[in-house]
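Next come the chains, spelled out residue by residue.
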Amino acid sequence: MINFKRADHIQVCVPLERLEEAMIFYTDVVGLQRIERPAFKSKGYWFQIADIQLHLSTEDALPRTSRHTAFEVTDIAEARRHLESYGVEFWEEPIIPGRTRFSFIDPFGNRMELLQFTV
């Protein structure tokens, strides 16, 4: 049996030629704090999200899928207004009792879900 403690990090990928644009999106639009990344041979950036990290790396662009990561937020309405102000694309989610949620698509095709528990 594996006794999990918590999620440590999530990785999303963008095409190499859009890496700097992605770093700006995740810092300026999403509002994440950049943190130090080890000097790997590959290119990328790391960010802090609450008690986990988001690792931004590179790979060839892939077709859009339903794969995603979900983050709980304290104010889902404010998060949506914030992203709308930047013209971010949304993906509406089916209703799940006890939570309000939506997904957004970053400019690189990555889907991220935000949710707030309502119970």
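Residues numbered from 1 in each chain as written. Predicted model: local features only at pLDDT ≥ 70, side-chain atom pairs only at ≥ 80, totals over all residues. Heavy atoms only, no water.

- By the naming in an unreviewed UniProt entry, the protein chain goes by Glyoxalase and is assigned to Mucilaginibacter rubeus.

**What to know about helix α1 (residues 19-29)**
Given 3.6 residues per helical turn, the α-helix brings residues three or four places apart onto the same face.
Then, in step 1: If you check which residues of α1 are buried, you get L19, A22, M23, F25, Y26, T27 and V29.
Then, in step 2: Phi turns positive one or two residues past the end of α1, at G31, with a value near 85 degrees. (Buried < 20%, exposed > 50% of the residue type's maximum accessible area, 1.4 Å probe, protein only. Helix = DSSP H or I, 4+ residues; strand = E, 2+ residues; numbered from the N terminus.)

**Remarks on the sheet that holds strand β7 (residues 99-105)**
Then, in step 1: The strand order across the open sheet formed by four strands is β5-β8-β7-β6, and the pairing between neighbours is mixed. Only two strands of the sheet have a single neighbouring strand rather than two, namely β5 (68-72) and β6 (89-91). Here the strands of the sheet are splayed against their neighbours by 30 degrees on average, with no regard to which way each runs.
Then, in step 2: Pairing geometry for β6 and β7, over three bridges, is antiparallel. (Pairing = 2+ DSSP bridges. Axes fitted to C-alpha atoms, helices over the stretch in contact; angles between N-to-C directions.)

**Looking at the pattern of salt bridges**
Then, in step 1: Within the structure shown, the criterion is met by nine salt bridges.
Then, in step 2: Between E84 and R80 there is a salt bridge, with its nearest N and O atoms 3.2 Å apart. One end of the pair, E84, and the other, R80, are both in helix α2 (residues 76-84), four residues apart, so they sit about a helical turn from each other.
Then, in step 3: For E84, a relative accessible area of 42% corresponds to the partly exposed category.
Then, in step 4: Between E93 and R101 there is a salt bridge, and its shortest N-O distance comes to 3.7 Å.
Then, in step 5: Look at E93 and you get buried, because its relative accessible area is 13%.
Then, in step 6: Given a relative accessible area of 16%, R101 falls into the buried group.
Then, in step 7: Within the structure, one salt-bridge network assembled from shared partners comprises E93, R101, R111 and E113. (Salt bridge = Lys/Arg side-chain N within 4 Å of Asp/Glu carboxyl O.)

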